[in-house]
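Architecture and fold: a report
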Amino acid sequence: MSQTQEKTEAQAQRESVPRRYWIWLGGVTLSLLGSQIMAFGMTWVAAGWGGAFAGAVLTAINLPRVALLLFGGALADRIGAWRVMIMSDFTMATATVVLGAAVLVLGVQPWLLLAAALVIGVVDAFYLPSSGSMPRRLVSQPALARAMSARQAIGQLATFAGPSMGGLIVAAAGLAAAAFLNAATFVVMAVIMVGLRPRSTPADTPPPAGGSSLRRSADGLRVAWSDPLLRPALGLIAAAAGFLLPVSGLLIPLLATQRQWSAATGGVLAGAIALGIVVVAVIVTAAGAFRRPGVAAASGLALAASAVLALVATNNPVAAVAVAAMVGIGSGVFTTHVGPLILGATPSTHLARVQSVLVLAQSLPLLLTNNVLGSLNDLYNVNVVLAVCSVLLMLAAVLGVRSPVLRTATLVQER
């Protein structure tokens, strides 16, 4: 590497995240807390009609979200991510106010929960691609990893605090109060977006592309598949979504049950994974990312795979907490590097559409593997399932390291 390249990358590590981004992230934090409070409240109330109905509510959110993601990304790239996010925030504020008022007048009704879930899923399909592209719109390329790591840390903390706050609010004041509070957070977020939106955003609103809406929606898939860097990076995302995310959400509870550990122990194990992710995200936010994000992402995935396998041999709950933290650290290294790598490699004309592909790469494998891994656990046991996940994650990590474009990728060049 030349001295000029070394100097450029050293300057990249010192690049500061602008104040505008921190203001936006503050609004995101508030909105995430409101969403987590609302999600807990809806799930808690839905569970009163049984597990099948609670599952139906979650499905009513996930299905329209997955079905419309590509259209949401195409719309954002066509009319502007700022407009889509502002309209989505006001739509969600209106919908949750209506839900809260209906609950006060009619009481909690199953059809109300299903209707609210469908609205949330539809709005998410348009909101998530735009929101995912915002770091690239607000932050320069060299500081992208630090900015996205801060967002990840905030997201993990909101996931922790939101359900607890939701439980307190629903227990004290009911679902309507949670709905009104959630509406207020969306109004605040919309105001922040209006205030931060630049007067002229030529990169945000490119000239309308030719072709049908369906063709423009699918164009994100074409770009992701044809790009030599995006294709393997999104492949790693899909592998991690399919075989790493279920460790915390599905396999840790099964592990605790089969080892006859308490529910509290299972919660601590899941919390240790999240804490490991937060620690890495905070470190990257403060100190910057590794010079070769592709290698770092694959290495983080390999570390997580090794720790998942170590859980098989760990019978002591205290030792299991330490191993779970290593799963989180590996996951944190992976996500804090692969996310900025994908966003930085995306053409500016396709930011939201590629983000919609990214969300699909996370959502579709998880829908499949949660069911497959659960069935595999019933046929054998959780140790077999953990070992399978570890082997497949390690294979993905090896393929990532062997990819020449991932090995040499950096975060300093604009595209």
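Quick word on the overall build of the chain
On a plain count of helices and strands, the chain comes out with 16 helices and zero strands. What you see for the chain is a C-alpha radius of gyration of 21 Å, in line with the 22 Å of a compact globule of 415 residues. With respect to the three principal axes, the spread of C-alpha positions in the chain is 65 × 55 × 40 Å. Among the 415 residues that make up the chain, the fraction classed as buried is 50%. For the chain, contacts bridging at least 24 residues in sequence account for 88% of all contacts bridging at least 6. As presented, the chain carries roughly 17900 Å² of accessible surface, and 69% of it is formed by carbon and sulfur atoms. The averaged location of the 11 negative side-chain charges in the chain is 2 Å from the averaged location of its 24 positive side-chain charges.

Comments concerning the environment of alanine 171
Mapping alanine 171 onto the fold places it in helix α6 (residues 144-173). Along the chain, alanine 171 and glycine 41 lie 130 residues apart, while their C-alpha atoms are 9.1 Å from each other.

What about the packing of helix α10 (residues 245-258) against helix α15 (residues 382-402)?
In a packed pair of helices, the relevant descriptors are the angle between the two axes and the axis-to-axis distance. Taken N-terminus to C-terminus, the directions of α10 and α15 make an angle of 145 degrees; their axes are 10 Å apart at the nearest point. Note on packing geometry: the crossing formed by α10 with α15 is left-handed. Packed against α10, whose contacting residues are Leu251, Leu254, Leu255 and Gln258, the element α15 presents Val382, Asn383, Val385, Leu386 and Cys389 at the interface. Among the residues making up the contact of α10 with α15, the classes are represented as seven nonpolar, two polar and no charged.

Some points on the pattern of salt bridges
Across all of its chains, the model carries two salt bridges by this definition. Measuring nitrogen to oxygen at the nearest pair gives 2.9 Å for the salt bridge that ties arginine 353 to aspartate 77. On the criterion of sequence distance, the pair formed by arginine 353 in helix α14 (residues 351-379) and aspartate 77 in helix α3 (residues 51-79) is long-range, its members being 276 residues apart.

Let's talk about the side chain of serine 130
Here serine 130 is to be found in helix α5 (residues 110-138). Setting aside chain neighbours within four positions, we find serine 130 in contact with Ala76, Ala81, Val84, Met85 and Ala352.

Overview of the packing of aromatic side chains
All told, the structure shown has four aromatic pairs when counted by the stated rule. With centroids separated by 5.8 Å and ring planes inclined at 20 degrees, the aromatic side chains of phenylalanine 40 and tryptophan 44 adopt a geometry described as stacked. Of this pair, phenylalanine 40 and tryptophan 44 both sit in helix α2 (residues 19-47), four residues apart, which is roughly one turn of the helix. Residue phenylalanine 40 is classed as partly exposed on the basis of its relative accessible area of 26%. A network of ring pairs unites the aromatic residues Tyr21, Trp22 and Trp24 as a single cluster. A cation over an aromatic ring shows up here: arginine 231 above the ring of tryptophan 225, its NZ or CZ 5.6 Å from the ring centre.

Notes on unusual backbone geometry
Even without glycine at this site, glutamine 260 takes up a positive phi of about 60 degrees. One can find glutamine 260 in the loop between α10 and α11 (263-287).

Some details on α10
Relative to the 20 Å expected for 14 residues at 1.5 Å per residue, α10 spans 20 Å between its end C-alpha atoms, a close match to the ideal helical length. The largest bend along α10 reaches roughly 50 degrees and is located at leucine 251, with the proline proline 253 sitting one to four residues downstream. Just downstream of α10, glutamine 260 is the residue with a positive phi angle, here 60 degrees.

What about a nonpolar patch on the surface?
Taken together, Leu379, Tyr380, Val384, Val388, Leu392, Leu395 and Leu399 make up a surface patch of nonpolar side chains, about 660 Å² in accessible area. No other element matches α15, which puts five residues into the nonpolar patch. With respect to the helices and strands, valine 388 occurs in helix α15.

Re the nonpolar core
Residues Leu244, Leu301, Leu311, Phe334 and Ile342 are the most contacted members of the largest nonpolar core, which totals 57 residues. Sort the elements by how many residues they give to this core and helix α13 (residues 317-345) lands first, with nine residues. Those residues in contact with phenylalanine 334 that sit more than four places away from it in its chain are Leu236, Ile237, Ala240, Ala297, Gly300 and Leu301. Grouped together as the second largest cluster of nonpolar side chains are 24 residues, Val57, Leu113, Val123 and Ala179 included.

About the cut-offs
Residues numbered from 1 in each chain as written. Predicted model: local features only at pLDDT ≥ 70, side-chain atom pairs only at ≥ 80, totals over all residues. Heavy atoms only, no water. Helix = DSSP H or I, 4+ residues; strand = E, 2+ residues; numbered from the N terminus. Rg over C-alpha atoms; globule rule 2.2 N^0.38 Å. Buried < 20%, exposed > 50% of the residue type's maximum accessible area, 1.4 Å probe, protein only. Contact = heavy atoms within 4.5 Å. Areas by Shrake-Rupley, 256 points an atom, 1.4 Å probe, with all protein chains shown as cover. Lys, Arg positive; Asp, Glu negative; His and termini not counted. Charge placed at Lys NZ, Arg CZ, Asp CG, Glu CD. Axes fitted to C-alpha atoms, helices over the stretch in contact; angles between N-to-C directions. Left-handed = near helix turned anticlockwise from the far one by under 90°. Nonpolar A, V, L, I, M, F, W, Y, C, P; charged D, E, K, R; others polar. Salt bridge = Lys/Arg side-chain N within 4 Å of Asp/Glu carboxyl O. Phe/Tyr/Trp six-rings, centres within 6.5 Å; stacked < 30°, edge-to-face > 60°. Lys NZ or Arg CZ within 6 Å of the ring centre and 35° of its normal. Expected span 1.5 Å × (residues − 1). Bend = angle between axes of the 7 residues up to and from the residue. Patch = residues over 30% accessible without salt bridge, like charges linked within 9 Å, V, L, I, M, F, W, Y side chains within 5 Å. Core = buried A, V, L, I, M, F, W, Y, C linked by side-chain atoms within 4.5 Å.

Remember that the coordinates give geometry; whether it matters functionally is a separate question.
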